[in-house]
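# Results of the structural survey
Given next are the chains, with one letter for each unit.
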Amino acid sequence: LEDMSQNLDFLLFYDEEEEKERINKCKIEDAKNAGLEEGKLQIAKEMLKKKIDINTISECTGLTIEELENLEK
């Protein structure tokens, strides 16, 4: 272990692998958030079709009135 900690090639490889793992986690988190946002928009669209009050939809989804009005178009 001590020899490995002195080996620059090993340390660079370790840092590179760690960075790849961090990037992958960020990509997964971004994809999950994009999916949640898309789901929220689809739910809001369905609520609008059912003529649910726009203020109620805003409260339930966290979308702004302006965002909801744009969805209606």
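The present account deals with the structure reproduced in this document. (Residues numbered from 1 in each chain as written. Predicted model: local features only at pLDDT ≥ 70, side-chain atom pairs only at ≥ 80, totals over all residues. Heavy atoms only, no water.)

Turning next to the overall build of the protein chain. Looking only at helices and strands, one finds four helices and zero strands in the protein chain. Listing the helices and strands of the protein chain from first to last along the sequence gives α-α-α-α. Taken over 73 residues, the protein chain has a buried fraction of 11%. Counting contacts in the protein chain only where the partners sit at least 6 residues apart, residues at least 24 apart contribute 19% of the total. (Helix = DSSP H or I, 4+ residues; strand = E, 2+ residues; numbered from the N terminus. Buried < 20%, exposed > 50% of the residue type's maximum accessible area, 1.4 Å probe, protein only. Contact = heavy atoms within 4.5 Å.)

What follows deals with unusual backbone geometry. Both trends apply: most residues other than glycine have a negative phi, and most peptide bonds are in trans. Even without a glycine there, the phi angle at K51 is positive, about 65°. Mapped onto the fold, K51 is located in the loop between helix 2 (8-49) and helix 3 (54-61).

The nonpolar side chains of a soluble globular protein tend to be buried with one another. Within the largest apolar cluster, six residues are counted, these being A44, M47, L48, I57, L63 and L68. Considering every element that reaches this core, the biggest residue donor is helix 2, with three residues. Once you skip the residues sitting within four places of it in the chain, I57 turns out to touch A44, M47, L48, I52, G62 and L68. (Core = buried A, V, L, I, M, F, W, Y, C linked by side-chain atoms within 4.5 Å.)

Among the secondary structure elements, T61 is positioned in helix 3. Residue classification places T61 among the buried residues on the basis of a relative accessible area of 11%. A polar contact of 2.8 Å, which involves the side chain of T61, links it to the backbone oxygen of I57. Beyond its immediate stretch of four places on either side in the chain, T61 contacts K40, A44 and M47. (Polar contact = N/O pair within 3.5 Å; in protein donor to acceptor, adjacent residues only side chain to side chain.)

From the geometry alone we can't say anything about function, so treat these as descriptive.
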